[in-house]
Amino acid sequence: MKVFFGFILGVAVTVAVVWFVNPGTRNRAEADTQRAETATKDKMDDLGLTPKNIKDEFARTGKVIRRKSEAAGKAIADATADARITAAIKAKIVADPNLSALSISVSTTDGCVTLSGTASSPDNIRRAMTLAYDTDGVTQVISTLSVKSA
């Protein structure tokens, strides 16, 4: 019986080592990450969310706003949809290692998302706005996020 368990344990360790050492697994994951980052960067550039644009617009108006076209879809104007949108955006912010969910407040009214609080850089403001903008049901994103050094 001990031999059988030893054999099973040996097979499991061998499989884990082969999987960990196999460069193909890491290369595919790195390629997927790079493709996702490139797509996100292209999306941010399309929205005019460059760090310079964010600084200029925030300095001029005190907020940064991006709207989706009406044809893209309308959010259902009930509290359940707004709560779902807020929760989805908060989850995305929590999952992003560059953003602090404690420093960014999210509120949603009729599909209009307002981000407030602080971020460590204009690039992180852009990340937060893009995460919000790419959430289903969002029709507009208003950011009053300000840059606060770490």
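So, a few notes on the structure that sits alongside this text. (Residues numbered from 1 in each chain as written. Predicted model: local features only at pLDDT ≥ 70, side-chain atom pairs only at ≥ 80, totals over all residues. Heavy atoms only, no water.)

## A short note on helix α5 (residues 122–133)
In step 1: Between its first and last C-alpha atoms α5 spans 16 Å; for 12 residues at 1.5 Å apiece the expected length is 16 Å, and the two agree.
In step 2: Of all 12 residues that make up α5, nine are buried, and the element is covered over most of its length.
In step 3: Among all positions in α5, only Pro122, Asn124, Ile125, Arg126, Ala128, Met129, Thr130, Ala132 and Tyr133 are buried. (Helix = DSSP H or I, 4+ residues; strand = E, 2+ residues; numbered from the N terminus. Expected span 1.5 Å × (residues − 1). Buried < 20%, exposed > 50% of the residue type's maximum accessible area, 1.4 Å probe, protein only.)

## Some details on the pairing of strand β3 (residues 112–119)
In step 1: Pairing analysis gives six bridges linking strand β2 (residues 104–109) to β3, with the strands arranged antiparallel. Of the residues in β3, the one forming a bridge with Thr108 is Val113.
In step 2: Counting the residues that bridge the hairpin from β2 to β3 gives two residues, and of these Asp110 lies at a positive phi of roughly 55°.
In step 3: Judged from the four bridges that link them, β3 and strand β4 (residues 140–143) form a sheet pairing that is parallel. Across the sheet, the residue bridging to Cys112 is Gln140, located in β4.
In step 4: For the handedness criterion, the β-α-β arrangement of β3, α5 and β4 is classed as right-handed.
In step 5: Relative to strand β5 (residues 146–147), β3 runs parallel, the two being bridged by two bridges. Paired with Thr118 across the bridge in β5 is Ser146. (Pairing = 2+ DSSP bridges. Right-handed = clockwise from strand over helix to strand, strands pointing away.)

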